[in-house]
Amino acid sequence: MVYPQMVWEGTEPAWTVARADWESDVVVALSDHVDRCFETRDFLQRWADATETLLAASDEGEDGAAFCEGMPDFLMEMDAAEAALPPLGKTMALSLCPNCEGLDGAVVLGAGEANGVTLQLDTSSEPSSFRERFDPETCSVTSAEPEEGVGVWWFEDGTAELSFDLFGAFSGSFEARGGEDLGAGDDHIETLEAAFTTTLCDVPDVARLVRY
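Numbering of residues starts from 1 in each chain and follows the order in which that chain's sequence is written. Thresholds applied to this predicted model are a pLDDT of at least 70 for local features of residues and 80 or more for the giving and counting of side-chain atom pairs; totals over whole chains, interfaces and linings are not thresholded and use all residues. Note that water and hydrogens are dropped before the side-chain values are worked out from all heavy atoms of the structure.

Quick word on the state of the cysteines
Note that a disulfide, as used here, is simply two cysteine sulfur atoms within 2.5 Å. The tally for this structure, following the rule as stated, stands at one disulfide. For Cys68, the disulfide goes to Cys139, at an S-S distance of 2.1 Å. Its S-S torsion of approximately -105 degrees makes the covalent link between Cys68 and Cys139 left-handed. With Cys68 in helix H2 (residues 64-83) and Cys139 in the loop between strand S7 (134-135) and strand S8 (140-141), the pair connects residues that are 71 residues apart, well separated along the chain. For the residue pair Cys68 and Cys139, the accessibility class agrees, reading buried in each case. Every helix listed is a DSSP run of H or I at least four residues long, and every strand listed is a run of E at least two residues long, numbered separately from the N terminus. Type-normalised accessible area, obtained with a 1.4 Å probe on protein chains alone, sets the label of each residue: buried when under 20%, exposed when over 50%, and partly exposed for intermediate values.

Some details on unusual backbone geometry
Its identity as a non-glycine residue notwithstanding, Glu60 has a phi of 60 degrees, on the positive side. With respect to the helices and strands, Glu60 occurs in the loop between helix H1 (37-57) and H2. At Cys139, a position not held by glycine, the phi torsion is positive, near 55 degrees. You can call Cys139 buried: its relative accessible area is 1%.

Regarding the nonpolar core
Among buried residues, the Ala, Val, Leu, Ile, Met, Phe, Trp, Tyr and Cys ones that are joined through side-chain atoms within 4.5 Å form a nonpolar core. In this structure, Trp47, Phe67, Met71, Phe74, Leu75, Met78 and Val210 are the most contacted members of the largest nonpolar core, which totals 23 residues. The criterion used for residue contact is that any of the two residues' heavy atoms lie within 4.5 Å. Sequence-distant contacts of Phe74, that is, excluding residues within four places in its chain, are made with Trp47, Ala50, Thr51, Leu54, Val210 and Tyr212. Membership of the second largest hydrophobic core comes to nine residues, among which are Val28, Leu162, Phe170 and Phe174.

Some words on the pairing of strand S1 (residues 2-9)
In this analysis, strands are considered paired if DSSP registers two or more bridges between them. Across eight bridges, S1 lies against strand S2 (residues 12-19) in antiparallel orientation. Residue pairing for S2: Val2 is matched across the bridge by Arg19. Connecting S1 to the antiparallel partner S2 that follows it, the hairpin turn spans two residues, and Gly10 within it adopts a positive phi of roughly 70 degrees.

What about the environment of Asp165?
Structurally, the position occupied by Asp165 is in the loop between strand S10 (157-164) and strand S11 (169-177). Taking relative accessible area as the criterion, Asp165 reaches 29% and is therefore assigned partly exposed. Each C-alpha atom, one on Asp165 and one on Thr199, is 9.9 Å from the other, the two residues being 34 residues apart in sequence.

So, the pattern of salt bridges
The rule for a salt bridge is simple: a side-chain nitrogen of Lys or Arg has to be within 4 Å of a carboxyl oxygen of Asp or Glu. Counted under the stated rule, the structure contains four salt bridges. Here Arg208 and Glu52 are joined by a salt bridge, their closest N and O atoms 2.8 Å apart. On the criterion of sequence distance, the pair formed by Arg208 in the segment after strand S13 (191-199) and Glu52 in helix H1 is long-range, its members being 156 residues apart. By relative accessible area, Arg208 is classed as partly exposed at 24%. Looking at Glu52, the relative accessible area reads 33%, which means it is partly exposed. The shortest N-O distance in the salt bridge between Arg208 and Glu60 comes to 2.7 Å. Highlighted residues: Arg208 in the segment after S13 and Glu60 in the loop between H1 and H2, separated in sequence by 148 residues. Look at Glu60 and you get partly exposed, because its relative accessible area is 35%.

A look at the packing of aromatic side chains
Think of it this way: a Phe, Tyr or Trp ring, Trp meaning its six-membered ring, pairs with another when their centres are within 6.5 Å, and the plane angle makes it stacked under 30 degrees, edge-to-face over 60, tilted otherwise. The final tally for this structure, using the stated rule, is four aromatic pairs. On the basis of an interplanar angle of 65 degrees and a centroid distance of 5.5 Å, the ring pair of Trp47 and Tyr212 is categorised as edge-to-face. One end of the pair, Trp47, is in helix H1; the other, Tyr212, is in the segment after S13, with 165 residues separating them in the sequence. Taking relative accessible area as the criterion, Tyr212 reaches 27% and is therefore assigned partly exposed. Pairing Phe74 with Tyr212 gives two aromatic rings, centres 5.8 Å apart and planes at 65 degrees, and the pair type is edge-to-face. With Phe74 in helix H2 and Tyr212 in the segment after S13, this residue pair connects regions lying 138 residues apart in the sequence. Counting every residue linked through ring pairs, the aromatic cluster contains Phe43, Trp47, Phe74, Phe130 and Tyr212.

Here it is in structure tokens:
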């Protein structure tokens, strides 16, 4: 991940570009859309292409001012990529640990072994504009205000039984407890249980992305 970071040179703020490594062995994403694989691959590739364009125009991110000046065009491309995605509806993403030795069996959530799981219910069908939420003074994108009826929960305690079958699909069951309400939903989910089967979605091999 590559992202802008404010630094101080004497009494004046300036911008530098920070980098952070991130990886995940597998993300199991479930939604009420029949097949998001094609759209997901396209979105990730467009994100990677826009990243390389922005970094090339800013001397690989070494020129912080040029990096921030190029952010609006970068975010305009991200808005276009986001608009091409189908409406999310109801989705669940289970992001497993980067250091798991195997994917079969029980995976613990919330104990440093997994990134966790997010659940979105009744999400908006209209994408939010990254470009409109860009603040040139802070060189960052402000968080969108949650819409009424949108619920996002992050579970920090639970387990997942996951297996990989001969046909290239993940299947298993999932239970999580102790969710924290991070959205505008009225209901606080205490326990989530799910059983799932999903095919594999091969995504582009991306070296770096700009975080916005």
